[in-house]
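# A closer look at the structure
Given next are the chains, with one letter for each unit.
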Amino acid sequence: MAVSFERGRLELPVSIRERIQAAKTASVLTGSGVSAESGVPTFRGADGVWSKYDWRVLATREGFRKDPRLVWEWYQLRQIEIAKAKPNAAHETIADMERHFGSFAVLTQNIDGLHARAGSKRIVELHGNIWRMRCERDGTVITTDEPVKKIPPLCQCGAILRPDVVWFGEQLPETAAKEASEVARTSDVMFVVGTSAVVYPAAALPIIAKNSGGLVVEVNTEPTDISAHADLSVIGRAGEVMPVLWQLIA
Ligand code: OAD
């Protein structure tokens, strides 16, 4: 069922509200749309990152091998952009939600770290984090909170560090993938916020939740592939919908 969010008003069916209120385990799957109102661009669509930049060059292992300097220059720009961004009302509401449920997890495809900055505690980062760098030679992982200064950054062993993010064609980090599937399987309710749900395996998580008997509530500015599976799809901006949705429940 799809409902529009108009003039700050949301008609939440009673049966959905009651199921969310009775839920003991909950999760939120987020994508770049949750950070859009913080000024971090989404990937797809007319203004999306992949309409301006070639993911084959910038977001694959082959691209990095060919030109690490170019890839790092792009990640440095993204780090600068993300450093300026602040968590928005959607991130903040999601952090509040954690206190309400016995078990709660944020499963995010985002690498921007904004959920942590908003105060969420249990965060499963499916695609890595832009504030970490990793050495593929000796396994060193370095966490930073400011954009890289020297490009390309080097490990103490002399090898070039890579951004600790998941690129196209790469597997998700094993622990994160396992934890996310388990969370999805055991969620009484899963909120799916700001993702086009076209990149797998993350896109399968709401289906796992649904097939395991969970309620799926989507929040997006437009219908997605998940909408047909969701018990409720709210069409609207995450930063506006999430606080109102949560007020109707908590
Ligand atoms: P997409 O760009 O594919 O989708 C963003 C979604 O957010 C779309 O469905 C928009 O309709 C929605 N959206 C935009 N603004 C919104 C707002 N203010 N409130 C709510 N929804 C909004 O981004 P992702 O789904 O995150 O992977 O993409 C998944 C993965 O593809 C990313 O993690 C990245 C990308 O390639 C890698 O880099 C591995």
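Heads up: these notes are all about the structure in this document. (Residues numbered from 1 in each chain as written. Predicted model: local features only at pLDDT ≥ 70, side-chain atom pairs only at ≥ 80, totals over all residues. Heavy atoms only, no water.)

## Digging into the site of the ligand
Stated formally: One heavy atom within 4 Å of a molecule or strand makes the whole residue count as near it. For the purposes of these results, a polar contact is taken to be a pair of N or O atoms within 3.5 Å, where, inside protein, one atom must be able to donate a hydrogen and its partner to accept one; residues adjacent in sequence count only when each atom of the pair is a side-chain atom. Residue ranges for the domains trace back to a domain assignment, done automatically or taken from a database.
In the vicinity of the ligand there are 23 residues, among which Phe43, Arg44, Thr195, Ser196 and Asn220 approach most closely. Between the ligand and glutamate 37 there is a distance of 2.8 Å, counted from a nitrogen atom to a side-chain nitrogen or oxygen. Contact between the ligand and alanine 238: a nitrogen atom at 2.8 Å from a main-chain N or O atom of the residue. Split by domain, the residues of the shell around the ligand number at least three in each of domain 1 (1–39 + 87–127 + 172–250) and domain 2 (41–84 + 130–165).

## Regarding the nonpolar core
Just so we agree on the cut-off: Grouping buried Ala, Val, Leu, Ile, Met, Phe, Trp, Tyr and Cys residues that are joined through side-chain atoms within 4.5 Å yields what is termed a nonpolar core. Accessible area is worked out with a 1.4 Å probe on protein chains only. A residue is then buried under 20% of its type maximum, exposed over 50%, and partly exposed in between. A run of H or I in DSSP counts as a helix once it spans at least four residues, and a run of E counts as a strand once it spans at least two, with each numbered from the N terminus. The contact definition used throughout considers only heavy atoms, calling two residues in contact when any of these lie within 4.5 Å.
Core analysis: the largest hydrophobic core is formed by 31 residues, its most contacted members being Ile20, Val189, Phe191, Val217 and Leu245. Counting only elements with at least two residues in this core, the list comes to helix 1 (14–22), strand 2 (25–30), helix 7 (89–97), strand 3 (103–108), strand 8 (189–193), strand 9 (215–220), strand 10 (232–235) and helix 11 (238–249). With 7 residues, helix 11 is the single largest residue contributor to this core. Discounting chain neighbours no more than four positions away, the residues touching phenylalanine 191 are Ile20, Ser27, Val28, Leu29, Met97, Val217 and Leu245. Val40, Val49, Trp74 and Ile130 belong to the second-largest nonpolar core, a separate cluster that totals 25 residues.

## What to know about the sheet that holds strand 5 (residues 128–134)
Heads up, the rule is: At least two bridges found by DSSP between two strands is the condition for calling them paired. Each axis is a line fitted through C-alpha atoms, taken for helices only over the stretch in contact, and angles between the N-to-C directions span 0 to 180 degrees.
If you trace the 3 strands from one edge of the open sheet to the other, you get 6-5-7, paired in antiparallel fashion. Where the open sheet ends on each side, the last strands, each with one partner, are strand 6 (141–143) and strand 7 (162–165). Within this sheet the neighbouring strands show an average axis-to-axis angle of 45°, counted without direction. Direction of pairing for strand 5 relative to strand 6: antiparallel, over a ladder of 3 bridges. In the sheet register, arginine 134 faces strand 6, and the bridge partner there is valine 141. Sitting on the sheet, helix 6 (residues 68–84) touches strand 5 and strand 7, and the angle it makes with strand 5 is about 130°.

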